[in-house]
Protein chains: 2
Amino acid sequence: MDLRQVEIFYYVAQHRSFSKAAAALSLTQPTVSGHIKALEAALNLVLFDRLGRDVRLTHAGEILYGHAKRLVDTKQAALQGIEELRDGLRGELVLGGSSIPGQYVLPRILGQFQPQYPGISIALHITDTMETLDRVVRGDLELGIVGAQVAHAHVAHTPFVEDELVLAVSASHPWADLASVSMDALTTVPFIQRERGSGSRLVVEHALADAGLPPAHLRVMAEMGTTEAIKQGIKAGLGVSIMSSLALEDECKAGSICTVAIERLSIRRHFSVIRHTGRALSPLAQTFETFLQTLTPLSLTLQDTPSHAPTA
Amino acid sequence: MDLRQVEIFYYVAQHRSFSKAAAALSLTQPTVSGHIKALEAALNLVLFDRLGRDVRLTHAGEILYGHAKRLVDTKQAALQGIEELRDGLRGELVLGGSSIPGQYVLPRILGQFQPQYPGISIALHITDTMETLDRVVRGDLELGIVGAQVAHAHVAHTPFVEDELVLAVSASHPWADLASVSMDALTTVPFIQRERGSGSRLVVEHALADAGLPPAHLRVMAEMGTTEAIKQGIKAGLGVSIMSSLALEDECKAGSICTVAIERLSIRRHFSVIRHTGRALSPLAQTFETFLQTLTPLSLTLQDTPSHAPTA
DNA sequence: GTCGCTTACGTCTAACGTAACGATG
DNA sequence: CATCGTTACGTTAGACGTAAGCGAC
């Protein structure tokens, strides 16, 4: 049974006329005749009584009519669903982000993106860089945004907005009012670092090592799983840390944490958008990726990114 | 969007493999490839991620999969519905019958027919011959069984079981014990006849007229709308009547009404199955018509048709 | 090298249109 | 005779198969 035939049957049944159905379908009347004939032959049923100029459904035709209506409706619903999907108007955008991008960057971006597509839903999985990468590889996430360049076959990295990692100290710390401290000074104070697997930690260790300060020289007094925990540790006077300036916005404003420059050291990184090269992106994900590319770093910093120097 | 493509897509999605889907569909693998390619082009969407030897649905593919499943299921349901319909296993058999066939013949036949098709329902409309004919013409009834040959363009008559119209008198009537009476005697007793439009009345009038007894010569003392009313009239001693032997079964057995032969007159008729020549019969009606044809008059008379001579 | 999807190409069915025919009112 | 469905036939698109190509493990 061919859907085309069923569709034509549906039109004929509705119009009670072969010729009117043909007109409605932009076909010629013999074509409609042929399809109905073929359908009747395929089903081995007579579907219409041809009564002079009147065409009526037979009992069998009425049964088929109900099924035909359901088929045509289902097809229509499918086409509409696909249409909306293709336009990125519907669907679920499944994203992943490591902690800093996931907590401080993506929420702002999604806040701009979602209002443009009221029909969509967004799932944002915030884990760490490694886990995000794994999920992209498995296909659980369409796109990930991570804070470190982690290579993997089948995974493409696209550089994204820039981030600066800064030295953060408690407002009551002796360094709080200094313009800058030397790199060597870092080894003299208790240091709090992120857990292994964190992109931030990777970047910090690389940057310090490149500048001639092996990570082992730091007086690491604590290793914490989240940036939030580290901030609490800093405020409690446990130690200092180097973290994304993005995470310090509120604390700088509030004056509870101050950032201090490190002499001759600027730790900058790009966040990366990662995706599986072997998998196709959903239209919605494509739309989002395009949206990301139109975002200049400016449009992010424009909204309340803390200035480098603490306000307090 | 072609249903064939969707169906093939559905198989590929289920098997997570083009080649396995091809095998399941008895197609070659390139054919399946081609269909998926065409579908992806038609929808302007990538439906599968081809990951080496693994094939996975994209997000768009998953959306389509839901629709595809509904489409395939709907098609399947339609085919099954049609199948059952064609086999006459389901549906409604809409019949009409004039009073005698409708009340005394069809119930017996339907009692044999329906148990063979548990899924069907039967609507039996009992009116008179003319009304039954009209309804067949209008298409409200697929088949009618009437007691007289009434010609109409587009209506075909098929002779059915034979019926005998007999003289019925009350058990207390002077004629009750006679073997027969003369035709002329009929004009000497009060006569009860059926209403206009009745096939029985038509047949009786024709038969008497043919035998030389104009209907006007009867001493008609009552005209009643139903056979049942006439039987009550006979039992009450209002008069005699000529009616179908089929309607007298119980009364003869009970001894309340006796049948008497009329000399040199036997009034026989065939019931006719009528149908519209311009309309197709539903498979169920076809099945029923075939069933009717296999019924010999014997199989009807076999079950308790009253003997011509009264038992009492 | 093997497995599995894609591409290329040839065949053949069938979808469609045009034109002629036929029946109904 | 006008309208509407059917039949006949020619054209073209596409469904399918075979064979070769190609990337991944």
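Criteria and cut-off values
- Residues numbered from 1 in each chain as written.
- Chains lettered and ligands numbered in written order.
- Predicted model: local features only at pLDDT ≥ 70, side-chain atom pairs only at ≥ 80, totals over all residues.
- Heavy atoms only, no water.
- Contact = heavy atoms within 4.5 Å.
- Buried area = accessible area lost by both parts, 1.4 Å probe.
- Salt bridge = Lys/Arg side-chain N within 4 Å of Asp/Glu carboxyl O.
- Polar contact = N/O pair within 3.5 Å; in protein donor to acceptor, adjacent residues only side chain to side chain.
- Helix = DSSP H or I, 4+ residues; strand = E, 2+ residues; numbered from the N terminus.
- Nonpolar A, V, L, I, M, F, W, Y, C, P; charged D, E, K, R; others polar.
- Near = heavy atom within 4 Å.
- Expected span 1.5 Å × (residues − 1).
- Buried < 20%, exposed > 50% of the residue type's maximum accessible area, 1.4 Å probe, protein only.
- Arc of directions from axis to C-beta.
- UniProt positions renumbered as here; feature names shortened; annotations may be inferred.
- Least-squares fit on C-alpha atoms with pLDDT ≥ 70 in both.
- Phe/Tyr/Trp six-rings, centres within 6.5 Å; stacked < 30°, edge-to-face > 60°.
- Axes fitted to C-alpha atoms, helices over the stretch in contact; angles between N-to-C directions.
- Parallel < 35°, antiparallel > 145°, perpendicular 65-115°, else oblique.
- Left-handed = near helix turned anticlockwise from the far one by under 90°.

### Concerning the interface of chain A and chain B
Taken together, the 38 residues of chain A in the interface contact 38 residues of chain B. The contact between chain A and chain B buries some 3,200 Å² in all, and 72% of this surface belongs to carbon and sulfur atoms. The three residues of chain A that bury the most area against chain B are Met1, His59 and Ile82 of chain A, which together make up 17% of that side's buried surface. Remark: the boundary between chain A and chain B carries two salt bridges. Between Arg279 of chain A and Asp49 of chain B there is a salt bridge, and its shortest N-O distance comes to 4.0 Å. Inspection of the chain A/chain B interface yields four residue pairs in polar contact (both at pLDDT 80 or more). Sorting the residues of the side of chain A that touches chain B by element identifies helix H3 (29–43), strand E1 (48–51), helix H4 (59–86) and strand E3 (91–98) of chain A as the ones contributing at least two each. For the side of chain A that touches chain B, the per-class residue count stands at 19 nonpolar, nine polar and 10 charged.

### A few points about the protein's contact with DNA strand D
Close contacts around DNA strand D come from 20 residues, with Gln29, Ser33 and Arg50 of chain A together with Thr31 and His35 of chain B the closest. A distance of 2.9 Å is found between a phosphate oxygen of DNA strand D and a backbone nitrogen or oxygen belonging to Phe18 of chain A. Between DNA strand D and Arg50 of chain A, the relevant distance is 2.7 Å, taken from a phosphate oxygen to a side-chain nitrogen or oxygen of the residue. Secondary structure elements with two or more residues in the surface near DNA strand D: helix H2 (18–24) and H3 of chain A together with helix H1 (3–15) and helix H3 (29–43) of chain B. Among the elements that line the surface near DNA strand D, the one with the most residues is H3 of chain A, at four residues. The class makeup of the residues in the surface near DNA strand D is five nonpolar, 10 polar and five charged.

### Some remarks on the protein's contact with DNA strand C
As a matter of local geometry, DNA strand C sits amid 19 residues, with His35 of chain A together with Ser19, Gln29, Ser33 and Arg50 of chain B nearest to it. Counting only the atoms of DNA strand C within 4 Å of the protein, the fraction contributed by sugar and phosphate is 71%. Take Thr28 of chain A: an N or O atom from its main chain is 3.0 Å from a phosphate oxygen of DNA strand C. Between DNA strand C and Arg53 of chain A, the relevant distance is 3.2 Å, taken from a base oxygen to a side-chain nitrogen or oxygen of the residue. Looking at the surface near DNA strand C, the elements with two or more residues in it are H3 of chain A together with helix H2 (18–24) and H3 of chain B. Considering every element that reaches the surface near DNA strand C, the biggest residue donor is H3 of chain B, with four residues. Across the surface near DNA strand C, the residue classes break down as five nonpolar, nine polar and five charged.

### Some thoughts on H3 of chain B
End to end, H3 of chain B covers 21 Å across 15 residues, agreeing with the expected 21 Å (1.5 Å per residue, within 8%). By the burial criterion, the buried members of H3 of chain B are Val32, Ile36, Leu39, Glu40 and Leu43 of chain B. On an axial view of H3 of chain B, the arc spanned by its buried residues comes to 100 degrees, and they lie on one face. Away from the buried face of H3 of chain B by more than 90 degrees, exposed residues Pro30, Lys37, Ala41 and Ala42 of chain B are located. Along its buried surface, H3 of chain B packs onto H4 of chain A together with H1, H2, strand E1 (48–51) and helix H4 (59–86) of chain B. A positive backbone phi angle near 60 degrees is found at Asn44 of chain B, which sits one or two residues after H3 of chain B.

### With respect to the UniProt feature "domain: HTH lysR-type" (unreviewed entry) in chain A
UniProt's entry tags residues 1–58 of chain A with the feature "domain: HTH lysR-type" (unreviewed entry), counted in the numbering of this structure. Secondary structure across residues 1–58 of chain A divides into 60% helix and 14% strand, with the first and last C-alpha atoms of the span separated by 18 Å.

### Section: the relation of the copies chain A and chain B
For the pair chain A and chain B, the best superposition has an RMSD of 0.7 Å and corresponds to a rotation of 179 degrees with a translation of 0.0 Å parallel to the axis. Taken together, the rotation and translation relating the two chain copies correspond to the operation of a two-fold axis.

### Quick notes on the packing of aromatic side chains
Summed over all chains, the structure comprises 16 aromatic pairs over all chains. For the pair Phe113 of chain A and Phe288 of chain A, a centre-to-centre distance of 4.9 Å together with 75 degrees between the ring planes defines the contact as edge-to-face. Of this pair, Phe113 of chain A sits in helix H5 (residues 99–113) while Phe288 of chain A sits in helix H10 (residues 283–294), and the two are 175 residues apart along the sequence. Classification of Phe113 of chain A by relative accessible area gives buried; the value is 0%. Between Phe18 of chain B and Phe48 of chain B, the ring centres sit 5.7 Å apart and the planes meet at 65 degrees, which makes this aromatic pair edge-to-face.

### Notes on the packing of helix H5 (residues 99–113) of chain B against helix H10 (residues 283–294) of chain B
Residue and element names in this part refer to chain B. Relative to each other, H5 and H10 sit at 110 degrees, their axes nearing to 11 Å. With respect to H10, the axis of H5 lies roughly perpendicular. Between H5 and H10 the crossing geometry is right-handed. From H5, Leu106, Ile109, Leu110, Gln112 and Phe113 reach across to H10, where they touch Leu284, Thr287, Phe288, Phe291 and Leu292. Along the lines of polarity and charge, the residues of the contact of H5 with H10 split into eight nonpolar, two polar and no charged.

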